Amino acid sequence: MQHRRDELGGLLSVKTVASPAATGRRRRRSTLAALLLCCSSALPSSAGTIPSCTTPGAGWCLARRFPGDVARGELGFRFGEPLDVDGDGHADVAAGARFKLQGTFQSGSAMVWSGATGALIRAWDGDRSDGLFGHWVMPVPDISGDGLADVIIAAPHAPVEGRTRGIVVARSPKTGEELWKYAETESENLGWDLTLAGDHDGDGYPDLFVGAPARESGRVYLLSGKSGRVLQTYSPREEGGSFGWYVARLDDLDGDGRPDLAVGAPFAGDPMVGAAWVLSSATGKELHHWKGTDRRGGFGGVVAAAGDLDGDRKGEIVVAAPGTEDQTRTLPGELRIYSGATGKELRHWTGTQPGELYGRMVVAAGDLDGDGVEDLAIGAPWYRREKADRVGRVEIRSGRTGKVLTELFGDEADCWFGWHIRRSPDPDGHGRPALLISSLRHPVDGKVGVGVLDLYVLRRTKSGQGTTTRGTRRSDIR
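Just so you know, these numbers come straight off a predicted model, no measurement behind them.

## Quick notes on unusual backbone geometry
Cis geometry is adopted by the peptide bond preceding Pro271, which originates at Asp270 and carries an omega value of 5°. As for its placement among the helices and strands, Pro271 is situated in the loop between strand 21 (261-265) and strand 22 (275-279). Even without being a glycine, Asp130 presents a positive backbone phi close to 55°. Inspection of the secondary structure puts Asp130 in the loop between strand 9 (120-125) and strand 10 (136-140). A positive phi angle is found at Asp414, which is not glycine, with a value near 60°.

## Observations concerning the sheet that holds strand 3 (residues 59-67)
To summarise the sheet geometry, strands pair through backbone hydrogen bonds and adopt either a parallel or an antiparallel arrangement. Strand order in the open sheet formed by 4 strands is 3-34-33-32, with antiparallel pairing between adjacent strands. Looking at the sheet topology across the chains shown, the edges are occupied by strand 3 and strand 32 (417-424). Mean inter-strand twist for the sheet, computed between neighbouring axes without regard to direction, equals 25°. Direction of pairing for strand 32 relative to strand 33 (residues 434-439): antiparallel, over a ladder of 5 bridges. Within strand 33, the position partnered with Phe417 by the bridge is Ser439.

## With respect to the environment of Phe409
Examined against the element boundaries, Phe409 turns out to sit in strand 31 (residues 404-409). Of the residues examined, Phe409 reaches a relative accessible area of 18% and is grouped as buried. As for Phe409 and Gly392, which are separated by 17 residues in sequence, their C-alpha atoms are 6.0 Å apart.

## Details of the state of the cysteines
By the definition in use, this model includes 1 disulfide. Two residues share a disulfide in this structure: Cys53 and Cys61, whose sulfurs sit 1.9 Å from each other. Judged by the sign of its S-S torsion, about 90°, the cystine formed by Cys53 and Cys61 is right-handed. Relative accessible area serves as the criterion here: at 0%, Cys61 is assigned to the buried category.

## Let's talk about the packing of aromatic side chains
Describing an aromatic ring pair means giving the distance of the ring centres and the angle of the ring planes. Summed over all chains, the structure comprises 13 aromatic pairs. With 4.2 Å between their ring centres and 15° between their planes, Trp290 and Tyr338 make a pair best called stacked. Placement of Trp290 in strand 23 (residues 286-291) and of Tyr338 in strand 26 (residues 334-338) is noted, with a sequence separation of 48 residues between them. Judged by its relative accessible area of 10%, Trp290 is buried. Taking the centre distance of 6.2 Å and the plane angle of 75° together, the rings of Phe417 and Tyr456 count as edge-to-face. Here Phe417 is found in strand 32, whereas its partner Tyr456 is found in strand 34 (residues 452-459), with 39 residues between them in sequence. Look at Phe417 and you get buried, because its relative accessible area is 1%. Grouping aromatic residues by their ring pairs yields a cluster made of Phe77, Trp192, Trp245, Phe267, Trp382, Trp416 and Trp419.

## Examining the confidence of the model for the protein chain
When pLDDT is averaged across the protein chain, the result is 88; 86% of the residues are at 70 or more. A low-confidence stretch, residues 1-48 (pLDDT under 50), is modelled with 144 contacts involving residues beyond four sequence positions or located in other chains. Segment residues 467-478 is flagged for pLDDT under 50; beyond a separation of four residues in sequence, or across chains, it makes 29 contacts in the model.

Thresholds applied
Residues numbered from 1 in each chain as written. Predicted model: local features only at pLDDT ≥ 70, side-chain atom pairs only at ≥ 80, totals over all residues. Heavy atoms only, no water. Helix = DSSP H or I, 4+ residues; strand = E, 2+ residues; numbered from the N terminus. Pairing = 2+ DSSP bridges. Axes fitted to C-alpha atoms, helices over the stretch in contact; angles between N-to-C directions. Buried < 20%, exposed > 50% of the residue type's maximum accessible area, 1.4 Å probe, protein only. Disulfide = S-S within 2.5 Å. Phe/Tyr/Trp six-rings, centres within 6.5 Å; stacked < 30°, edge-to-face > 60°. pLDDT = per-residue confidence, 0-100. Contact = heavy atoms within 4.5 Å.

The structure is reproduced here in structure tokens:
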């Protein structure tokens, strides 16, 4: 297997793979490489401006750092909220380095670390050539019956019957054993994105929405968390190339008692301006559908659930257009928030500088400012600081007013801070808001492109601001 080294420092196989965006590959090659693959001059460290949590004070502090150890492995492409896998009462962290090599193949790896001590609990290497094992690593509530959290791991480029189909596997961190495996046979890139879906089959175990985006269309599967069997399949009614690129569990919007589903497809349409859907998880019925307007934007590259911003007791939907297809880096990136009840646009936010990929990640962060409305954390991993490019930043905005509450910044150039973000339990059990943030290509011990995960905690001020409770919007908010 031959490889070429692209401008981003990752390894891109020269063989033809069934990438979700292979159509128009030549036109989009450099930005597609950034999406599918994803540090030099030093800057003032974020650790210098954000203190350690061992230092007394209020506001955001850095509680833990979980470094990778694989050069160009890119730890933390996508990961879930930490859960306790070892029974010590602390939530543990799981993530993957999908570009870890076995010989010349990008087979990948997945790891679980202790949230209390940072010690490695369990590690697995991928067993499929160029499978990108560890692309997604998600802790899930116990499915093995031992009372401890387990993990779901995706290898979206794993070959199945000679084609790049993808595999999703469940494993026990306690024993290392495989609990179940599902291999795709119809679509492509199974596990490019996934999320917890709630218990749809009533067996007491959480199920999964799993995306399988393909060039011309794509699918999303509802998989049993207990066995991995397919419970339901979702597909678009119209042309939806890359359907399933991103998925999000939503509130129950149609009143049937089941959480519903948002799906993003950044290469859908002709021209490929991108699209996003909201579907009933019970029937697959289309509840809402939005389309992008600029083929450079990658509209639908990220979709996310947000709290109730308009007081109708239903959560909202975030759809981002980070500018991932803008090869000239003139677009800053943007996101729109739509009403879950009506589909009407409620918010429209844009980045602060061209080419920063604002909205490359969006996550509901809890009510951080104490105003009763859930706030949002937004990643812009290609943010520049002075002459240093792709440092990255995370912007935290008030859901009530849209005001920027604070910003966190990466350590140095080419770190890609804010590539992925998830909420986390307080590592010390005090109930404080916390965010787990990846710097996808942060150097470690002189090795480039390794990646680190940082756990930030918001220490409460005297006014008591900073809670993780989902609030209800007040009547005076317009």
